[in-house]
Amino acid sequence: SHAAFTSMDELAVLGDEVYTRSGQSLFSVEKESGLINYHTRLTGLNGARIDHIAHNTTLNKLLITYQDGQLDVMDAVGDVQNISDLYLKQMSLSKVVNDICMYQDKAYLAMSFGVLVVDMRKMEIKDTYYIGKNSSEVHVDAITINDDVLYAITEKELYMADLSANLSDYNFWQAQPLTNAGKIQGMKAHKGNIYVV
């Protein structure tokens, strides 16, 4: 294992450890002792090039996504389970996850083709939302949830849909055009507002 651990790109607290994605690698620091643990294929991960990590507070599990479409779910004791459906799917579009939003026991992933929903309790891909007109594929840069409304943003539009609706049907998605937004770096909900970088 010769992974680079020189910068911290994302943080997530799981159990007694703080996990950080460093480039395409993962390490954690034990809160009490300060001991550093490196997580690689040699320690149970199923991929090599990590693109995101996110903590699901409902289940106290960490979602680890890889550039090749592999998805790992790690629990608080470090056990890892793999969800390989996206990795195994034959497709021409990128399988890189652009952003993750956790809500209850689900992970909503912003993808190059739309939104992917992962059921972290059942350890399976629950659904795929093609949110463009006539269920077309759109490159979603970032995703967030506020007041039971799912927001997905592209360079040109902000898509919104109520979580109680049938989100597999594009008719339940509303699109609001964006003017001169440029490259989207991130989007978060906070106190009833949606913030976009």
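Source: prediction; values computed, not measured. (Residues numbered from 1 in each chain as written. Predicted model: local features only at pLDDT ≥ 70, side-chain atom pairs only at ≥ 80, totals over all residues. Heavy atoms only, no water.)

J.: With reference to specific residues and values, describe the overall build of the protein chain.
T.: Helix and strand counts for the protein chain come out as one helix and 18 strands. Its C-alpha atoms give the protein chain a radius of gyration of 17 Å, within 12% of the compact-globule value 16 Å for 197 residues. If one aligns the C-alpha atoms of the protein chain with their principal axes, the spans along those axes are about 50 × 40 × 30 Å. Partitioning the intrachain contacts of the protein chain with sequence separation of at least 6 by distance along the chain shows that 40% fall at a separation of at least 24. Surface exposure of the protein chain reaches about 10,400 Å², of which carbon and sulfur atoms provide 46%. Where the 16 positive side-chain charges of the protein chain centre and where its 25 negative ones centre are 4 Å apart. (Helix = DSSP H or I, 4+ residues; strand = E, 2+ residues; numbered from the N terminus. Rg over C-alpha atoms; globule rule 2.2 N^0.38 Å. Contact = heavy atoms within 4.5 Å. Areas by Shrake-Rupley, 256 points an atom, 1.4 Å probe, with all protein chains shown as cover. Lys, Arg positive; Asp, Glu negative; His and termini not counted. Charge placed at Lys NZ, Arg CZ, Asp CG, Glu CD.)

J.: So what about the side chain of K106? Which residues, and what values?
T.: Positionally, K106 belongs in strand β10 (residues 106-110). A polar contact of 2.9 Å, which involves the side chain of K106, links it to the side chain of D105. In this structure, K106 is in contact with N56, C101, V117, V118, D119 and K126, ignoring residues within four places of it in sequence. (Polar contact = N/O pair within 3.5 Å; in protein donor to acceptor, adjacent residues only side chain to side chain.)

J.: Any details on the pattern of salt bridges? Residues and values, ideally.
T.: One pass over the structure, following the stated rule, counts five salt bridges. One salt bridge connects D105 with K106, and the closest N-O pair in it is separated by 2.9 Å. D105 sits in the buried class, given a relative accessible area of 13%. Overall, K106 belongs to the buried group, its relative accessible area being 15%. Across the salt bridge formed by K183 and D141, the nearest N and O atoms sit 3.5 Å from each other. Of this pair, K183 sits in the loop between β16 (174-177) and β17 (187-190) while D141 sits in the loop between β12 (124-129) and β13 (142-146), placing them 42 residues apart in sequence. Its relative accessible area of 7% is what places D141 among the buried residues. Each of D9, E10 and R21 takes part in a single network of salt bridges with overlapping partners. (Salt bridge = Lys/Arg side-chain N within 4 Å of Asp/Glu carboxyl O. Buried < 20%, exposed > 50% of the residue type's maximum accessible area, 1.4 Å probe, protein only.)

J.: How would you sum up the nonpolar core? Please name residues and give values.
T.: With 18 residues, the main nonpolar core has Y108, Y129, I131, L150 and W173 as its most contacted residues. Mapped by element, the contributors of at least two residues to this core are β10, β11 (115-119), β13, β14 (149-153) and β15 (157-162). In this structure, I131 is in contact with S136, V138, V140, A152, Y159, Y170 and W173, ignoring residues within four places of it in sequence. Counting 17 residues, the second largest nonpolar core, distinct from the first, contains L63, L71, I83 and M120. (Core = buried A, V, L, I, M, F, W, Y, C linked by side-chain atoms within 4.5 Å.)

J.: Pulling in residues and values, what's your account of the pairing of β17?
T.: Bridge count for β17 against strand β18 (residues 193-196) is four bridges, and the pairing is antiparallel. If you follow K188 over to β18, its bridge partner there is Y195. Counting the residues between successive antiparallel strands, the hairpin from β17 to β18 contains two residues, one of them, K191, with a positive phi of roughly 50°. (Pairing = 2+ DSSP bridges.)

J.: Give a detailed account of the packing of aromatic side chains, specifying residues and quantitative values.
T.: Summed over all chains, the structure comprises three aromatic pairs. Seen in terms of ring centroids, F27 and Y38 are 6.1 Å apart; in terms of plane orientation they differ by 45°. Their pairing is tilted. Of this pair, F27 sits in strand β3 (residues 25-30) while Y38 sits in strand β4 (residues 36-39), and the two are eleven residues apart along the sequence. What makes F27 buried here is its relative accessible area of 10%. Taken together, a centroid distance of 6.2 Å and an interplanar angle of 45° make the contact between F113 and Y130 tilted. Taken together, the residues F113 in the loop between β10 and β11 and Y130 in the loop between β12 and β13 connect sequence positions 17 residues apart. Since its relative accessible area comes to 30%, Y130 is described here as partly exposed. (Phe/Tyr/Trp six-rings, centres within 6.5 Å; stacked < 30°, edge-to-face > 60°.)

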